[in-house]
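Coordinate inspection notes
This is what each chain is made of:
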Amino acid sequence: MASTTALPLQQLIASLDDTSLPKILQVCSGVYFQGSIYEISGSEVCFSTGDLIKVTGIELLSVCCEDICNNEKFELPINHKGLFKVVPEEMPYSTVEEMVSLRPVGLESCLPFTFTSRSKMTLGNFTLGTGRALTMISIERCEGQEAQVRCHVRGQQEVSAEVCIPLSSRGEFYECESEECFTLQEIMSSTCLRSRRFRFVNTTKCERSLVLSPIYQVHAVMNLRKNVLKFPSSLEVDVVDVTEVCKDVNFVTPLTLTEVLSQPDESFPAVVEILEAPETRSLFKCSWLPELNKSEHLVFHKKGTSAMILLSTLKSRRAQQYFLVSQQYGGRFRRRPREFNSVYEVYVASIQAPGLKVSVTRNCDEVEEEGLPALSVGDQLEVVRCERMELPCGSSEGQRQSVEALLCQRLQEPDDGDDDDDDDDDEVVKQEDKREEIVLPLYMQGHFVEILSDNKKYRLRDLGKEFSLPLDVKVVSRDTELESDPLVGLACVRIEGAMLEPTIQASFPHRPDHCFEIPTQWLSMSISFTKDPLPWPSDTPPKCHVDRVTEVADTFFYEFRKQGNSDEPPPPRPPKRNLSSSDPPKKSSKSSKKSSKADKSKQQPDKSAPTKEMASLTLNSKRRPPAPPPPVILDDQPPPIVPRKHSTAEKSTAKALPNTYVKMEDSMKKAQPSGVAADVDSDHDYELVDDTLAAMMKTAQESIMYY
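Residues numbered from 1 in each chain as written. Predicted model: local features only at pLDDT ≥ 70, side-chain atom pairs only at ≥ 80, totals over all residues. Heavy atoms only, no water.

A look at the overall build of the protein chain
Scanning the protein chain for helices and strands turns up 14 helices and 37 strands. When each of the 707 residues of the protein chain is scored for burial, the buried share is 35%. Across the protein chain, contacts joining residues at least 24 apart in sequence account for 70% of those joining residues at least 6 apart. Surface accessibility of the protein chain: about 44,100 Å² in total, with carbon and sulfur atoms responsible for 49%. (Helix = DSSP H or I, 4+ residues; strand = E, 2+ residues; numbered from the N terminus. Buried < 20%, exposed > 50% of the residue type's maximum accessible area, 1.4 Å probe, protein only. Contact = heavy atoms within 4.5 Å. Areas by Shrake-Rupley, 256 points an atom, 1.4 Å probe, with all protein chains shown as cover.)

Some remarks on the pattern of salt bridges
Scanning the model with the defined rule gives 17 salt bridges in all. For the salt bridge of Glu450 with Arg335, the shortest nitrogen-to-oxygen distance reads 3.3 Å. Taken as a pair, Glu450 in strand S30 (residues 445-450) and Arg335 in strand S24 (residues 332-335) lie far apart in primary sequence, 115 residues in all. Judged by relative accessible area, which is 7%, Glu450 ranks as buried. A salt bridge links Asp379 to Arg410, with the shortest nitrogen-to-oxygen separation between them at 2.6 Å. (Salt bridge = Lys/Arg side-chain N within 4 Å of Asp/Glu carboxyl O.)

A short note on the sheet that holds strand S8 (residues 93-95)
Backbone hydrogen bonds are what pair the strands of a sheet, in a parallel or an antiparallel way. As summarised here, the arrangement of the six strands in space is S8-S15-S9-S12-S13-S14, forming an open sheet in which the pairing is antiparallel. Strands with a single pairing partner mark the edges of an open sheet, and in this sheet they are S8 and strand S14 (160-166). With direction set aside, neighbouring strand axes in the sheet form an average angle of 40°. The sheet contact formed by strand S12 (residues 132-140) and strand S13 (residues 148-154) spans six bridges and is antiparallel. The partner of Glu140 across the bridge, within S13, is Gln148. (Pairing = 2+ DSSP bridges. Axes fitted to C-alpha atoms, helices over the stretch in contact; angles between N-to-C directions.)

Some remarks on helix H9 (residues 554-563)
For H9, the full list of buried residues reads Phe556, Phe557 and Phe560. Down the axis of H9, the buried set is contained in an arc of 100°. They therefore lie on one face. Buried positions along H9 lie against strand S22 (297-313), strand S23 (322-326), strand S33 (493-508) and strand S37 (549-552). (Arc of directions from axis to C-beta.)

Structural notes on the environment of Arg208
Inspection of the secondary structure puts Arg208 in the loop between strand S16 (197-200) and strand S17 (210-222). The partly exposed category is assigned to Arg208, whose relative accessible area is 39%. Placed 138 residues apart in sequence, Arg208 and Asn70 show a C-alpha to C-alpha distance of 9.8 Å. For Arg208, the residues in contact, after removing those within four places along its chain, are Asp67, Cys69, Asn70, Phe198 and Arg199.

Digging into the packing of aromatic side chains
Applying the stated rule across the entire model yields 13 aromatic pairs. Ring geometry for Phe115 versus Phe173: centroids 6.0 Å apart, planes at 75°, classification edge-to-face. Pair noted here: Phe115 is in strand S9 (residues 113-117) and Phe173 is in strand S15 (residues 170-175), with a separation of 58 residues, a long-range link. Each member of the pair, Phe115 together with Phe173, is buried. Where Tyr329 meets Phe333, the ring centres are 5.6 Å apart and the plane angle is 50°; that geometry is what we call tilted. Take Tyr329 and Phe333: they sit in the same class, and that class is buried. What links up through ring pairs into an aromatic cluster is the set Phe284, Trp288, Phe508, Phe516, Trp522 and Phe556. When the ring centre of Tyr174 is taken as origin, the NZ or CZ atom of Arg118, which lies over that ring, is 4.1 Å away. (Phe/Tyr/Trp six-rings, centres within 6.5 Å; stacked < 30°, edge-to-face > 60°. Lys NZ or Arg CZ within 6 Å of the ring centre and 35° of its normal.)

Topic: the nonpolar core
By size, the foremost hydrophobic cluster in this structure holds 32 residues, and its most contacted members are Phe284, Trp288, Leu292, Leu298, Phe300 and Leu523. Those elements that place two or more of their residues in this core are helix H5 (257-261), strand S21 (270-276), S22, S23, S33, strand S34 (511-519) and H9. If we skip the residues at most four places from it in the chain, Phe284 touches Leu289, Pro519, Trp522, Leu523, Thr550, Glu551, Val552, Ala553 and Phe556. The next biggest cluster of nonpolar side chains, apart from the first, holds 23 residues, and it includes Val343, Leu356, Val383 and Phe448. (Core = buried A, V, L, I, M, F, W, Y, C linked by side-chain atoms within 4.5 Å.)

Considering the side chain of Asp479
With respect to the helices and strands, the residue Asp479 is situated in the loop between strand S32 (471-477) and S33. Here the side chain of Asp479 touches Glu481 through a polar contact of 3.1 Å, landing on its backbone nitrogen. Each residue touching Asp479, except ones within four places of it in the same chain, is listed here: Tyr329, Gly330, Gly331, Asp485 and Arg548. (Polar contact = N/O pair within 3.5 Å; in protein donor to acceptor, adjacent residues only side chain to side chain.)

Digging into the pairing of S16
Taking every second residue as pointing to the same face, both faces of S16 are buried, with Arg197 and Arg199 on one and Phe198 and Phe200 on the other. Both strand S7 (residues 84-86) and S16 contribute to a ladder of three bridges, which runs antiparallel. The residue bridging Val86 from the neighbouring strand is Phe198, located in S16.

Description of the environment of Tyr347
Among the structural elements, Tyr347 can be located in helix H6 (residues 343-352). Setting aside its immediate chain neighbours within four residues, Tyr347 contacts Cys386, Leu406 and Leu442.

Laid out in structure tokens, this is it:
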């Protein structure tokens, strides 16, 4: 039978637990917000008398603390770190059993418990006086006998004894304050504790008694609304439980995508309505995601599990892209050589692909003190194995350190530029170099590219079976079943990993044959099944074309990497150098041979070398051009001298002198220096100074200095 007693929403929700849900409640009084619509925590709430509410879940949010003295209320978060003590009840208990029944669940964990008796008690030959403190130690239950509590009694002269008191003993018992402390989590998890009064252990904060009430966030639906309601249980409305009476009332059942997967196969295909749009739109960049709006309809064709591959484009691109591709993708791929930026990366790749061959793409100088060999562009190396070796590693003379190194075999000796050797000698050297072993420490930096001899075209599902990931590939033929293949035209894509994803095949009603797969674990939305007819004639389902390539955001890639192996060890660090040695590491490489040859060539005369006059104009010896000389004064008189400025009165009467240097420049244009021919072929437009002009300049400078 349904309860006919109206209770405040706060009290009724506090009496529920997850096992008793769902519950149907009816609003009977206390119209909330006068029937107006308000938004609470992102949900519109409007309750009127007679409304039916189906509670589907409750979540503890906080605790309401009410001061009994002044009815003041305040809230504390459920994870509040403060401790509370139980305030003893002022009213007496008539029996020991009544007092014990109000203790929290798991009484043994809450012992010892102290109480007093205001009445004299006679237990066999033992008599207890009034006001004596009794400490309950344990509860003893024996079959066929009445349950008893074992108590510890302390006498007036520090004499202690133990007595057993039957639970049915009557008297006037008062509870004493216990030293036991509780957290909010412990109080809210016990029904008995929630009915008690508490005070803060820290008496400086609050010494008065408090009543603690849980505040839940209620998840519910209404029979006249389609969206999920979320509201606090502290709303001041009275409700009544009508679950038994309203079993047949039709409520919209919101389902998450994970709950849709648990529906029977007979439920598909079906038309569904979106109640809550996806919360996280940043994980996907596909075309169908922006259309998943509230109140929109979708066709769910079927559910299942799809094998998918995560691809990424090269990092060198302006905007790196990521794609989630079904293994049913019909395009063809061709392997691309991988690039490695360190010996450690080569080592990791060689574990997955034994016999790995790489080619050096950048020169590396030899450092003898650190055991780093020389590498030249074009060197081809085949990885043999990884082992610990004794290398100098920058230590002092005579000391060597044991480090992990990659033992490789050099397959081809690069051309060092010596064309004077005989062909037979070159052939012998190459044969020896093919058997040359080279040791590369794992901490060594370098630039390598994988050598591939495979030119075969693969399907996507075959690549995952024959090769280990990650793998660099290129799309050489598109998927003909796709309207537009976004993978075509990309220079290179990397297969990051494979996954099995539970998916729902869906489409929009206006295009029921154009389907896409929704990864249920990566998309959060709420839907409800409707009774709308399918958008195609009965018994003639359309032939579905599924989008097999879905672009995702970089956040999807990062979340995927978090779920992978995050326990991989970092690459090895190079050993510490010996700081006592002040000499820098010696570098010797084949480039030094070239420099020595260049030094020899400098000692021999070269007809193409520039002459001494031309060498003075090179960049190393080029000097700043001299400043242009001052203008020439044709007469022997020094230039006019500007008088000193002594006072403001003189400034007002003084006249500005004509610009002497303008006249000098004009005279320079008229006077041609004699005896000097113009250098027509010279690239510099410099003016030459003769002896007469130098004398004039000296006279002008002496006049200025004298002044």
